[in-house]
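The lines below spell out each chain.
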Amino acid sequence: MNAPKHGDEVERQELSHLLPRPGTPGLSPARSQRLEEYLMQEVTQAGAQAQASPAAKRGMPRWSLIAAPLAVAAAVAVSVTGSGDGMSPDDSVAMASVITVQPASAHGATAFLSQVADAASKQKTPAVGTHQFIYVKSKVGFTHQVKQRTIGGPAKLDAVHQREVWLAADPSKNGLIHEGGQNITIHNSGAGVVNPDAASEPARPGTVPQIASLSTNPDTLLKQIYTATRGQAPSKDAAAFNWVGETVSESIVPGDVASSIWRAAAKIPGVVLVKDATDAAGRHGEAIAHVAGGERTEYIFDRSTHLFLGERSYLIKDTPEGKAGMLTGTSAVLSRAVVNKIGDLPTGTRA
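Note on numbering: residues in each chain are counted from 1, in written sequence order. Local features in a predicted model are, by the rule used here, given only for residues with pLDDT of at least 70; side-chain atom pairs are given and counted only at 80 or more, and totals for whole chains, interfaces and linings are based on all residues. In computing side-chain values, all of the structure's heavy atoms are included and hydrogens and water are not.

Enquirer: What is the right way to read the overall build of the protein from this model?
Expert: Only DSSP runs of H or I covering at least 4 residues are called helices, and only runs of E covering at least 2 are called strands; the numbering of each starts at the N terminus. Assigned secondary structure in the protein consists of nine helices and 13 strands. Throughout this description, buried means an accessible area under 20% of the type-specific maximum (1.4 Å probe, protein chains only), exposed means over 50%, and partly exposed covers the range between. Across the 351 residues of the protein, 51% fall into the buried class. Whether two residues touch is decided by their heavy atoms; if any such pair falls within 4.5 Å, the residues are in contact. A separation of at least 24 residues holds for 68% of the contacts in the protein among residues at least 6 apart in sequence. All accessible-area figures derive from a Shrake-Rupley calculation using a 1.4 Å probe, and residue coverage is judged against the displayed protein chains alone. Split by element, the accessible area of the protein, about 15,600 Å² in all, is 53% carbon and sulfur.

Enquirer: Which parts of the structure should I look at to understand unusual backbone geometry?
Expert: Leave glycine aside and you will find that most residues have negative phi; peptide bonds, for their part, are mostly trans. The step from Ala233 to Pro234 runs through a cis peptide bond, and the omega angle for that step is 0°. By the secondary structure assignment, Pro234 is in the loop between helix H7 (218-228) and helix H8 (236-248). Unlike most non-glycine residues, His306 shows phi in positive territory, near 65°. Note on placement: His306 falls in the loop between strand S11 (295-301) and strand S12 (308-315).

Enquirer: Honestly, the environment of Ala238 in this entry has me stumped. Any pointers?
Expert: Its location among the elements puts Ala238 in helix H8. Residue classification places Ala238 among the buried positions, given a relative accessible area of 4%. The sequence separation of Ala238 and Gly293 amounts to 55 residues, and the corresponding C-alpha distance is 9.6 Å. Not counting the four nearest positions on each side in its chain, Ala238 is found in contact with His290 and Ala292.

Enquirer: In this structure, what is going on with the packing of aromatic side chains? I would like to understand it.
Expert: Each pair of aromatic rings is reported with the distance of its centres and the angle of its planes. In this analysis, rings of Phe, Tyr and Trp, with Trp reduced to its six-membered ring, are considered paired at centre separations within 6.5 Å, and the interplanar angle assigns stacked below 30 degrees, edge-to-face beyond 60, and tilted for intermediate values. The tally for this structure, following the rule as stated, stands at seven aromatic pairs. Ring geometry for Phe301 against Phe308: centres 5.9 Å apart, planes inclined by 75°, an arrangement best described as edge-to-face. The exposure class of Phe301 is buried, given its relative accessible area of 0%. With relative accessibility at 17%, the residue Phe308 sits in the buried group. Three or more aromatic residues link up through ring pairs in this structure, and these residues are Phe112, Phe241, Trp262, Tyr299, Phe301 and Phe308. Above the plane of the ring of Tyr226 lies Lys236, whose end atom (NZ or CZ) is 4.7 Å from the centre. Two limits define a charge over a ring: the Lys NZ or Arg CZ must be within 6 Å of the ring centre, and within 35 degrees of the ring normal.

Enquirer: Is there a simple way to think about the confidence of the model for the protein in this case?
Expert: Scored from 0 to 100, pLDDT reflects the predictor's confidence in each residue. Residues of the protein with pLDDT of at least 70 account for 63%, and the chain-wide mean is 74. By mean pLDDT, the top-scoring element of the protein is helix H5 (residues 109-121) (98), and the lowest-scoring one is helix H4 (residues 54-57) (26). Here residues 1-5 is modelled with pLDDT under 50, and outside its nearest four sequence neighbours on either side it reaches one contact, counting other chains as well.

Enquirer: Would you mind showing me how to read the environment of Glu179 here?
Expert: Here Glu179 shows up in strand S7 (residues 175-179). Look at Glu179 and you get buried, because its relative accessible area is 3%.

Enquirer: In this structure, what is going on with the packing of H7 against helix H9 (residues 255-265)? I would like to understand it.
Expert: A pair of packed helices is captured by two measures, namely the crossing angle of their axes and the spacing between those axes. The axes are straight lines fitted to the C-alpha atoms, using for helices just the contacting stretch, and the angles between their N-to-C directions are given from 0 to 180°. The interhelical angle for the contact between H7 and H9, taken along N-to-C directions, is 75°, at an axis separation of 8 Å. It follows that H7 is roughly perpendicular to H9 by the angle criterion. Across from Pro218, Leu221 and Leu222 in H7, the residues of H9 making contact are Ser260, Ile261, Arg263 and Ala264. Amino acids are sorted into nonpolar (Ala, Val, Leu, Ile, Met, Phe, Trp, Tyr, Cys and Pro), charged (Asp, Glu, Lys and Arg) and polar (every other residue, Gly among them). Taken together, the residues of the contact of H7 with H9 sort by class into five nonpolar, one polar and one charged. The scheme is simple: roughly parallel for angles under 35 degrees, roughly antiparallel for over 145, roughly perpendicular for 65 to 115, oblique for anything else.

Enquirer: Can you help me understand the side chain of Glu311 in this one?
Expert: Within the fold, Glu311 resides in strand S12. Pairs of N or O atoms within 3.5 Å make up the polar contacts considered here, provided that, within protein, one atom can donate a hydrogen while the other can accept it, and that residues adjacent in sequence are counted only when both atoms are side-chain atoms. A polar contact of 2.7 Å, which involves the side chain of Glu311, links it to the side chain of Ser249.

Enquirer: Just checking my understanding: could you explain the pairing of strand S6 (residues 160-168) for this structure?
Expert: Where burial is concerned, most of S6 is hidden: nine out of the nine residues are buried. Taken together, the four bridges between S6 and S7 define a ladder with antiparallel strand orientation. Paired with Trp166 across the bridge in S7 is Leu176. Note: two strands are recorded as paired if DSSP finds a minimum of 2 bridges between them. Between S6 and the antiparallel strand that follows it, S7, lie six residues.

Enquirer: Whenever I open this one, the nonpolar core confuses me. Can you help?
Expert: A general tendency of soluble globular proteins is for nonpolar side chains to be buried together. Membership of the largest hydrophobic core comes to 42 residues, with the highest contact counts inside it found for Ile261, Trp262, Ile288, Tyr299 and Phe301. If sequence neighbours within four positions are ignored, Ile288 has contacts with Phe112, Leu113, Phe241, Trp262, Val271, Val272, Thr297, Glu298, Tyr299 and Phe301. Residues Val274, Ala287, Ile300 and Leu309 belong to the second largest nonpolar core, which totals seven residues. For this analysis, a nonpolar core means a set of buried residues of the types Ala, Val, Leu, Ile, Met, Phe, Trp, Tyr and Cys, connected via side-chain atoms within 4.5 Å.

Enquirer: Would you mind showing me how to read the packing of H5 against H9 here?
Expert: Put simply, H5 and H9 touch, their axes get as near as 7 Å, and they point 170° apart. Of the possible angle classes, the one that applies to H5 and H9 is roughly antiparallel. Together, Leu113, Ser114, Val116, Ala117, Asp118, Ala120 and Ser121 of H5 and Gly255, Ala258, Ser259, Trp262, Arg263 and Ala265 of H9 make up the contact between the two elements. For the contact of H5 with H9, a count of residues per class yields seven nonpolar, four polar and two charged.

Enquirer: Teacher, can you tell me more about the pairing of strand S10 (residues 284-292) here?
Expert: In the case of a regular strand, side chains alternate between the two sheet surfaces. Bridge count for strand S9 (residues 272-278) against S10 is five bridges, and the pairing is antiparallel. Paired with Ala277 across the bridge in S10 is Gly285. The hairpin turn running from S9 into S10, its antiparallel successor, is five residues long, and Gly282 in that turn takes a positive phi close to 85°. Hairpin connection between S10 and S11: a loop of two residues separates the two successive antiparallel strands, and Gly293 in this loop has a positive phi of roughly 60°.

Okay, structure coming up:
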């Protein structure tokens with residue numbers, strides 16, 4: 001493999017600082033595999049004590065680690081504790097783990113995303129102060145490997161359950177995920193890397209100013225996305241498509257930037273339109289989708305307002321993980337708000 005040219009590396013570092021780190025929702029099998037490998041390494045290094053911990057046994061919420069690329073995990077670490085803070089237990093609801101694979105077509109995808117972009121541009125987003133937090137409440141359910149410490153084997157869908165996230169606008173401050181009766185602290189250390197050999201892969205802290213500074217020119221933004229996701233699995237276009245979902249799912253994106261993101265998404269090769277898709281809250285809508293490794297990832301929108309509802313991913317062909325139609329992840333965004341501290345809820349919101 002040829003070493004990257006110095007100029008290319010400088011450009012990549014500069015552009016990466018303009019792009020937010022991915023959000024914290026669900027994982028495709030490819031992303032899940034990368035995180036499984038990371039967790040297995042951590043468990044091995046930690047020894048018997050880590051293997052015996054409840055977090056290791058249940059497969060510590062691996063989607064919470066997606067907030068930083070594996071090579072730069074210094075930006076985010078997590079620790080899990082019991083609830084014990086007065087927050088009510090989460091209700092979990094089992095759902096069918098196999099669905100009918102819906103037809104999809106490239107025809108109409110660009111026009112639909114243009115409507116989505118127009119709707120996003122008209123949305124009023126609240127200002128986020130330096131010392132405030134972005135609060136996102138959602139329903140989620142993702143697959144986990146049936147056999148412990150295995151990769152690529154049979155998988156099972158978790159029950160859909162509530163998830164609450166408090167993300168600090170200041171990357172030097174910790175955030176929190178409340179999910180499955182547990183509190184998962186997001187330890188933010190700002191820019192930096194754990195692995196000295198990965199120093200050429202800069203961290204991507206998703207600060208509010210960085211999200212706001214994303215290009216509002218779709219062509220320019222798409223180039224930045226491709227630069228920032230270069231070399232990521234499972235493919236160039238799939239990585240760019242994943243970046244879109246990871247960026248918008250658990251954040252508050254200004255309308256002009258959100259519009260640019262969706263117009264950039266329309267330019268990713270392989271993007272198709274799915275006429276009927278259902279999120280984790282049971283809401284039906286239309287979706288844009290992309291397929292990689294036999295798995296389709298969908299971003300679902302309300303048919304009337306064209307606003308983002310959630311995500312769904314499932315296999316469209318038989319694989320070692322399962323048969324065609326098996327859900328690999330589902331989510332539904334229920335509310336977003338700006339709050340003053342961790343644990344605060346928007347007015348009128350119940351835990």
